[in-house]
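Each chain, letter by letter, is given below.
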4 protein chains.
Amino acid sequence: MAYYREDPQGDDSRSKRQQILEAAYAVFSRKGYHRATVDEIIALADTGKGTVYNYFNNKEQLFYTLIRERSQPFETALEQVADADQPVLDKLQAMVRLFLRFYLDNAALWRVMMHEIRGFGSDGLSYVKAETRDKYREGFSRTIGMLGRVLQEGIDQGLLREVNVAHTAHALFSVIVALTFQQFVADVDTAAHEVTDIFLYGLVRK
Amino acid sequence: MAYYREDPQGDDSRSKRQQILEAAYAVFSRKGYHRATVDEIIALADTGKGTVYNYFNNKEQLFYTLIRERSQPFETALEQVADADQPVLDKLQAMVRLFLRFYLDNAALWRVMMHEIRGFGSDGLSYVKAETRDKYREGFSRTIGMLGRVLQEGIDQGLLREVNVAHTAHALFSVIVALTFQQFVADVDTAAHEVTDIFLYGLVRK
Amino acid sequence: MAYYREDPQGDDSRSKRQQILEAAYAVFSRKGYHRATVDEIIALADTGKGTVYNYFNNKEQLFYTLIRERSQPFETALEQVADADQPVLDKLQAMVRLFLRFYLDNAALWRVMMHEIRGFGSDGLSYVKAETRDKYREGFSRTIGMLGRVLQEGIDQGLLREVNVAHTAHALFSVIVALTFQQFVADVDTAAHEVTDIFLYGLVRK
Amino acid sequence: MAYYREDPQGDDSRSKRQQILEAAYAVFSRKGYHRATVDEIIALADTGKGTVYNYFNNKEQLFYTLIRERSQPFETALEQVADADQPVLDKLQAMVRLFLRFYLDNAALWRVMMHEIRGFGSDGLSYVKAETRDKYREGFSRTIGMLGRVLQEGIDQGLLREVNVAHTAHALFSVIVALTFQQFVADVDTAAHEVTDIFLYGLVRK
DNA sequence: GATGAATGAGAATTCATTCAT
DNA sequence: CATGAATGAATTCTCATTCAT
């Protein structure tokens, strides 16, 4: 790491790599993968073009790094809750809260990513190599899978009805993403309550 | 210059326009907005490049036209069901079926569009005028709004609990999109049942 | 081919493709492969950058096309002489003349090519795919091989001593290239005589 | 700034320079001038990038130094033979052997150089000052000139026919280079014999 | 002296759009 | 109207060189 600057409290004390990642986050989020240009990223990061390529092989890997570094703490936190020794419904709600918080911060970037890993380039014209795409997908599988595991736990305990776990986990996930994306989430706790309430007890008045 | 040609005299000129739209549908769906090239579209449409620009101002307007023409029949059908004089729960399930069917056919293109209406020039470098973006968004508002209207109807009749209608309509919508996108929908009727079942009665065993 | 211009005697009446090839010839010859820039080529060809890529896939293929189109007439002429029903020594001298004339015109470009097809990128970092490189090499093998065939003919007839044909053909070839490159060739006939004289009768005074 | 350091105090500093030169030799030989990167050279030399620029002004001067240092011992040895008091034909063959041995070792690098001294900024965009280019050329002139001097000696002694000495020396030289480059030289003595045999006695059976 | 992070001037390539025929 | 050759702005990526430590 190069800390040339004498004032480590200044904004420039972040490592160049970090500055680039943060700028990339902003630009990718705002513009999407394609419309995001390296030029815009370096302008925001206040760095030279070559510097980006010192730290990252190419635009695609910069994007991937961004996703990976952002998702890791989230996944860890989610796993802890999923594996916790608590009532299933509490765990579910806690997980929904984690999801909401994460997507509230990252919805824009994740939308971009979801778009990029789509079937595109099924015919080889893709920019994202199949192998990279699979790495992205594994990320989703892991997190949504954790939701599924807890749902299954609830079913096994006789608490929940016997529904298709994979489908339901995806449904829950998609609702979370939709709400955050639609900026319907003013307060995480309220939204988490709202979501779990519908999923657990349904719309029909008893 | 835009030659919309609302009145096709010759059968030939109409079919050209149609050929282009169909090719554009295929290419945009497969490649996304950016990676879709006019060259690929004309190759598939078996027409000249200039011809595309006779019928459409530019790539973006071609895309918009595509979306508009595809969504119109769907919206009409949806509206008929929403306004029908039937039990609310039946209407809801029928609407879910319509949605599922529509997104089963058009998920790819709609995903592209959803992605594009974010980022389409949120700032100075816009490719799309804010006004166009809003037109896309209105489309969503209309269809999701119809879901909301029927939900409200159910609430008014005392059938459904008093939830946030807009949020719930979006949630329902997002689940539909997620299921189709994840290719979890083998059979529309089954999937419609699955979705409404969860939303109406919840996961918790009574 | 597009002949927009009204004056077909003008310099611009050559097809764009031809203009580009001629400009590329000049620039590659003068600068070598790497230092030749597409920008310089289009400046000389008085054309747009995209036009180059309409006619040629990339810089490398432009270069290859150049080589191929230039060498074809030469190879044909050489073959005719090699296969002619004439005395071996006459054929040899005629072939040397053809070689000299060809390399007098094309030495610069051929030098560039010879440099490019060298072992470079034996380790995968090459710009020229092995397969392309082999196509270049086949070209050399063919023309030098024709020299060899005629030498062999001379040996078979008992006219020439039993030397290593491949080596000798390459030696003869290299001398031709060296003389033209060193601009020692004022007059093709004289130079051809000089070369064959040494190769056939040696330096030692009898 | 150029720090040539003709007087190495520390053993370490000399070895750095030497390490760089050796790495540069390997990389330039394998990749050619342009494709050789300073990064690759320092990786092989196990040194820092700045260090290269402490010893050499730039990439080009590094290349030049390489050539100069490599050619010096060869030129000295060649001169000794040329000036020796021996029969002309013996001297010629000995010189051919020296050439073959030298180019067998250095063909790759010399080819690169030969290619670069053409094109090295024949016009305004020169990377290399004309003066530098001429220094390279003088090197060739000197060694080929020594061949010429011995040939002339043979002519003066009535041993050889009165041919154009400069042309013939270049021809001899080019054959040597061609054979080594084509990897036709398995054994220096055999190849030297083969070359002189053809040049001295010709192909025609007496 | 040695180092290597930072830099930016190029270079190749893509692709929407125009316009003469 | 249909066409497609021509175009150049925009974009990614490379790599020699600098310079603060």
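Please refer to the structure placed before this passage.
Residues numbered from 1 in each chain as written. Chains lettered and ligands numbered in written order. Predicted model: local features only at pLDDT ≥ 70, side-chain atom pairs only at ≥ 80, totals over all residues. Heavy atoms only, no water.

**Q** When you look at the interface of chain D and chain C in this model, what are you seeing that I'm missing?
**A** By a widely used convention, the size of an interface equals the accessible area lost when the partners come together. With 51 residues of chain D in contact, the opposing surface of chain C contributes 47 residues. Together, the buried faces of chain D and chain C total about 4,900 Å²; carbon and sulfur atoms form 59% of this surface. The largest contributions to the chain D side of the interface with chain C come from Arg-35, Arg-161 and Leu-203 of chain D, which together make up 18% of the buried area. At the surface where chain D touches chain C, the tally comes to four salt bridges. Between Arg-161 of chain C and Asp-197 of chain D there is a salt bridge whose closest N-O contact spans 3.1 Å. Counting the contacts that link chain D with chain C gives twelve residue pairs in polar contact (both at pLDDT 80 or more). Listing elements by their share of the side of chain D that touches chain C, those giving two or more residues are helix 1 (11–35), helix 5 (88–117), helix 7 (165–181) and helix 8 (188–201) of chain D. Top contributing element to the side of chain D that touches chain C by residue count: helix 7 of chain D, with ten residues. Classifying every residue of the side of chain D that touches chain C by side-chain character gives 24 nonpolar, 14 polar and 13 charged. (Contact = heavy atoms within 4.5 Å. Buried area = accessible area lost by both parts, 1.4 Å probe. Salt bridge = Lys/Arg side-chain N within 4 Å of Asp/Glu carboxyl O. Polar contact = N/O pair within 3.5 Å; in protein donor to acceptor, adjacent residues only side chain to side chain. Helix = DSSP H or I, 4+ residues; strand = E, 2+ residues; numbered from the N terminus. Nonpolar A, V, L, I, M, F, W, Y, C, P; charged D, E, K, R; others polar.)

**Q** Quick question: what am I supposed to make of the relation of the copies chain B and chain A here?
**A** Note that the two copies of the chain are related through a rotation about an axis and a translation along the same axis. Structural alignment of chain B on chain A gives an RMSD of 0.3 Å, achieved by rotating through 178 degrees and translating 0.1 Å along the axis. What the superposition gives is, in effect, a two-fold axis relating one chain to the other. Across chain B, the rotation axis passes nearest the C-alpha of Gly-202 of chain B, at a separation of 1.7 Å. A high fraction, 92%, of the interface residues of chain B reappear at the interface in chain A, so the copies pair face to face through one surface. (Least-squares fit on C-alpha atoms with pLDDT ≥ 70 in both.)

**Q** Sorry if this is basic, but what is going on with the relation of the copies chain D and chain C here?
**A** With an axial shift of 0.1 Å and an RMSD of 0.3 Å, the rotation relating chain D to chain C amounts to 178 degrees. A share of 92% of interface residues in chain D that are also interface residues in chain C marks the association as one of identical surfaces.

**Q** Explain unusual backbone geometry to me, please; I cannot follow it from the model alone.
**A** Trans peptide bonds make up most of the peptide bonds, and negative phi angles are found at most residues other than glycine. Residues and elements named next belong to chain B. Not every positive phi belongs to a glycine, and Asp-46 is a case in point at roughly 55 degrees. Residue placement: Asp-46 occurs in the loop between helix 2 (38–45) and helix 3 (49–55). Look at Asp-46 and you get exposed, because its relative accessible area is 61%. (Buried < 20%, exposed > 50% of the residue type's maximum accessible area, 1.4 Å probe, protein only.)

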